[in-house]
Amino acid sequence: MIKLETFKEEDFSRLINWVDSEELMYIFSAQRFRYPLTQEQLINYIKTKDRIAYKVINKSTNEIIGHADFSNINKLSKNARICSVLIGKKEYRNKGYGTKIINELVSVGFNKMKLHRIDLGVYDFNKQAIKCYQKCGFEIEGLLKDNIKFNNLYWSTYNMSILNKEL
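Owing to the predicted nature of the structure, the values given are computational and were not obtained by experimental measurement.

### Brief notes about the overall build of the protein chain
Helices and strands together make up the secondary structure of the protein chain, namely five helices and seven strands. Its helices and strands taken in sequence order, the protein chain reads β-α-α-α-β-β-β-α-β-α-β-β from the N to the C terminus. In terms of C-alpha radius of gyration, the protein chain reaches 15 Å, essentially the compact-globule figure of 15 Å for 167 residues. Pairs at least 24 apart in sequence give 57% of the contacts found in the protein chain among residues at least 6 apart. Carbon and sulfur atoms form 47% of the exposed surface of the protein chain, whose accessible area is close to 9,300 Å². Considering the protein chain, the positive charge centre built from 27 side chains and the negative charge centre built from 19 side chains are found 4 Å apart.

### Brief notes about the packing of aromatic side chains
Overall, the coordinates contain 13 aromatic pairs when judged by the stated rule. On the numbers, 5.0 Å between centres and 35 degrees between planes, the contact of Phe-150 with Trp-155 is tilted. As far as the burial class goes, Phe-150 and Trp-155 line up, both buried.

### Quick notes on the side chain of Thr-99
For Thr-99, the location among the structural elements is in helix H4 (residues 97–112). Note on Thr-99: relative accessible area 15%, which makes it buried. Among all residues touching Thr-99, those that are not within four sequence positions of it are Cys-132, Lys-135 and Cys-136.

### A short note on the pattern of salt bridges
Evaluated as defined, the whole model comprises 11 salt bridges. Residue Lys-55 is joined to Asp-11 by a salt bridge in which the shortest nitrogen-to-oxygen separation is 3.3 Å. Note that Lys-55 is positioned in strand E2 (residues 52–58) and Asp-11 in the loop between strand E1 (2–6) and helix H1 (12–18), a separation of 44 residues in sequence. Judged by relative accessible area, which is 8%, Lys-55 ranks as buried. Since its relative accessible area comes to 2%, Asp-11 is described here as buried. Across the salt bridge formed by Arg-81 and Asp-119, the nearest N and O atoms sit 3.0 Å from each other. Residue Arg-81 is located in strand E4 (residues 79–87), and its partner Asp-119 is located in strand E5 (residues 117–123); the two are separated by 38 residues in the primary sequence.

### A look at the pairing of strand E7 (residues 153–163)
With seven bridges joining them, E5 and E7 adopt antiparallel strand pairing. Bridged to Tyr-123 within E7 is Thr-157. Summarising the sheet, strand E6 (residues 139–150) and E7 pair through eight bridges and their orientation is antiparallel. Paired with Leu-144 across the bridge in E7 is Thr-157.

### Some points on helix H2 (residues 22–29)
Regarding H2, the residues found buried are Leu-24, Met-25, Tyr-26, Phe-28 and Ser-29. Turning to H2, the residues buried within the fold contact H1, strand E3 (63–74), E4, E5, E6 and E7.

### Comments concerning the side chain of Ser-84
For Ser-84, the location among the structural elements is in strand E4. Within the structure, Ser-84 has its side chain in polar contact with the side chain of Arg-32 (distance 2.6 Å). Non-local contacts of Ser-84, meaning those with residues more than four positions away in its chain, are made with Phe-28, Ser-29, Arg-32, Tyr-45, His-67, Ala-68 and Asp-69.

### A closer look at the nonpolar core
Judged by nonpolar contacts, the single largest core of 31 residues is most densely connected at Phe-70, Ile-82, Ile-102, Leu-105, Ile-118, Tyr-133 and Phe-138. At seven residues, the largest contribution of residues to this core is made by H4. Filtering out sequence-adjacent residues up to four positions away, Ile-118 remains in contact with Phe-70, Ala-80, Ile-82, Leu-105, Val-106, Gly-109, Phe-110, Phe-138, Met-160, Ser-161 and Ile-162. Leu-15, Val-19, Phe-28 and Leu-42 belong to the second-largest nonpolar core, a separate cluster that totals 16 residues.

Analysis parameters
- Residues numbered from 1 in each chain as written.
- Predicted model: local features only at pLDDT ≥ 70, side-chain atom pairs only at ≥ 80, totals over all residues.
- Heavy atoms only, no water.
- Helix = DSSP H or I, 4+ residues; strand = E, 2+ residues; numbered from the N terminus.
- Rg over C-alpha atoms; globule rule 2.2 N^0.38 Å.
- Contact = heavy atoms within 4.5 Å.
- Areas by Shrake-Rupley, 256 points an atom, 1.4 Å probe, with all protein chains shown as cover.
- Lys, Arg positive; Asp, Glu negative; His and termini not counted.
- Charge placed at Lys NZ, Arg CZ, Asp CG, Glu CD.
- Phe/Tyr/Trp six-rings, centres within 6.5 Å; stacked < 30°, edge-to-face > 60°.
- Buried < 20%, exposed > 50% of the residue type's maximum accessible area, 1.4 Å probe, protein only.
- Salt bridge = Lys/Arg side-chain N within 4 Å of Asp/Glu carboxyl O.
- Pairing = 2+ DSSP bridges.
- Polar contact = N/O pair within 3.5 Å; in protein donor to acceptor, adjacent residues only side chain to side chain.
- Core = buried A, V, L, I, M, F, W, Y, C linked by side-chain atoms within 4.5 Å.

Quick look at the structure:
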């Protein structure tokens, strides 16, 4: 139903248009980027050596609907972090695509990259995302209290992980 392809410079403007508020920027990427998102930030983003960024494509329509990446890829320890997951096309939200994206990332991580562990961070108020990640097999490891400041509010982040039991 979906496929992941490498995120390239030709995809920048689409992602920039999707991230249309500072709050969405923080939910999408924590403090990795500054609002508004720019071409320059994305050039630096895709040049990072321990990262693989993807555009998410709906196989049935061949339409690009989202974005995701693996960051902090550690080949020695065989682990990585899923980051910057976004269903950019609003008409695809709340229809199960988040679960499909996470399952595909886990498949790539375990089967192609041969990772042992994949983790991610999710804000404690993002109940829908937490349910999605749990549905995909992720478990909550702990809560980082008030670790991100957005405007005058502090947000807390759950760290979640999944292990490749077949290695």
